[in-house]
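The chain contents come next:
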Amino acid sequence: SSPDILMVGAGVMGMLSALELAEAGQKVLMIDQGRAGLEASWAGGGIISPLYPWRYAPPITALATWSQQAFPDLIASLTDSTGIDSELSANGMLVTATDERDQALAWGAGLSRAVIEISDQEARVLEPHVHLDATPLWMPRVASVRTPRMGQALRQACLDHPKIELREHQEVSLGGDLDDPQAFSGSQRIAAHRIVLSTGAWTGYLLSGLNVRCPIQPMKGQMLLFSPCHLVHRVVLANGRYAIPRADGRIVFGSTLEDVGFQRTPDRDAFDSLYASAVHLVPQLATVDIEAQWAGFRPGSPEGMPWIGPMSEKLWVNSGHFRNGVVLSPASSRLLCDLMMGRTPIIDPTPYQPRNSV
Ligand SMILES: Cc1cc2nc3c(=O)[nH]c(=O)nc-3n(C[C@H](O)[C@H](O)[C@H](O)COP(=O)(O)OP(=O)(O)OC[C@H]3O[C@@H](n4cnc5c(N)ncnc54)[C@H](O)[C@@H]3O)c2cc1C
């Protein structure tokens, strides 16, 4: 029999949405054009907070706040059920944002211990190897996850779920129109009662098959990975660039933000620019080997506002989370499931309603 849901795209958004819907009793067929969890959800840094959260509109804060509370249980239950540890680390984040101090403190005022002023000396005690041009703000509750591991754990949880079928290395295309959308793999039609697009940066391209205009487009980001060195112990964000420590002492350093379409190759300019920022922030990194450089495609959207909800009775979207797709994934997936199942939504869905123009 046909699945209740065809989930197109198995990144963090598709996999968490599939798990939510399967837990709600839906039979889900999830298809990815590659291997599950290996696009933006693999490439991302895994900071469980928007970078400068006070710069975002309240609907982003609403999704982030719900998600941040959900993360510890989500990761613990994924680790229990799959044996794959996503390395959730709740060590906090130091942020230099001299010009935005008042705005940051005002934003944090309503939230417990979200943003705290500290002295230079306190900052040095927290991160002795980090060179800070200005006294940072301290966000003690910010966590991070190791994104490739979270992707592997989610993939395993989906494979293990009796109500989810995962097909990989199969590209899906769309035909028909919004009211009667049809999904195809090659020339073969894929039957399903409802279709969800969790196709990240590819969502605008896929919807063009229905003559629907959608502003979700790829925004390339490049990263560097430093060998184990234990020079940084919490996330440090300075001048738009950040260092994220992993449990084994490696440091992920990012990132660039490039509007170059689906051009995937990491390049020398990005390497040089990221390397200069990294060594400025942590001078001793000049003595540490670089293990890797990679690029990923964020699902870019105006103001970073995702589309979560129906475009028609049959076609739904959970996409466009731009720089914050990892942190926003639990709330976005729960909200999508609430709406699809006719349950009371965890938060007001209005701001995320797809704003399509045919
Ligand atoms: C360098 C970088 C750093 C980042 N850092 C952070 C961070 O620290 N914190 C944070 O919260 N977020 C971060 N992000 C953003 C975050 O990674 C993304 O917002 C998030 O991963 C998006 O998840 P997704 O599932 O929507 O997209 P993806 O993970 O890209 O998944 C979409 C999937 O859809 C599949 N697909 C597309 N088209 C088709 C098709 N036609 N048929 C079948 N399958 C298809 C793709 O193969 C892919 O697997 C970062 C991103 C980058 C690139």
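Residues numbered from 1 in each chain as written. Predicted model: local features only at pLDDT ≥ 70, side-chain atom pairs only at ≥ 80, totals over all residues. Heavy atoms only, no water.

Q: Just checking my understanding: could you explain the domain arrangement of the protein chain for this structure?
A: The extent of an interface is frequently quoted as the accessible surface area lost upon association of the parts. In terms of domain boundaries, the protein chain breaks down into domain 1 (5-62 + 148-216 + 302-352) and domain 2 (93-141 + 217-300). Just the C-alpha atoms count here: the centres of domain 1 and domain 2 sit 27 Å apart. Opposite the 26 residues of domain 1 that make contact, domain 2 presents 34 residues. For the pairing of domain 1 and domain 2, the buried interface totals around 2500 Å² over both sides, and the portion due to carbon and sulfur atoms is 64%. Considering only the surface of domain 1 that becomes buried against domain 2, Tyr52, Trp54 and Phe322 emerge as the three largest contributors, covering 29% of it. (Domains from an automatic or database assignment. Contact = heavy atoms within 4.5 Å. Buried area = accessible area lost by both parts, 1.4 Å probe.)

Q: Would you mind showing me how to read the sheet that holds strand 13 (residues 241-245) here?
A: Sheets are built from strands paired through backbone hydrogen bonds, the pairs being either parallel or antiparallel. Pairing in this open sheet of 8 strands is mixed, and the strands run 4-5-3-12-13-14-11-15 from one edge to the other. Two strands lie at the open edges of the sheet, namely strand 4 (116-117) and strand 15 (290-300), each paired on one side alone. Across 4 bridges, the pairing between strand 11 (residues 217-226) and strand 14 (residues 251-254) is antiparallel. Within strand 14, the residue paired with leucine 225 across the bridge is valine 252. Across the face of the sheet, helix 4 (residues 101-109) comes into contact with strand 4 and strand 5 (137-139) while running at roughly 25° to strand 5. Against the sheet, helix 8 (residues 268-281) engages strand 11, strand 12 (235-238), strand 13, strand 14 and strand 15, with an angle of about 50° to strand 11. (Pairing = 2+ DSSP bridges. Helix = DSSP H or I, 4+ residues; strand = E, 2+ residues; numbered from the N terminus. Axes fitted to C-alpha atoms, helices over the stretch in contact; angles between N-to-C directions.)

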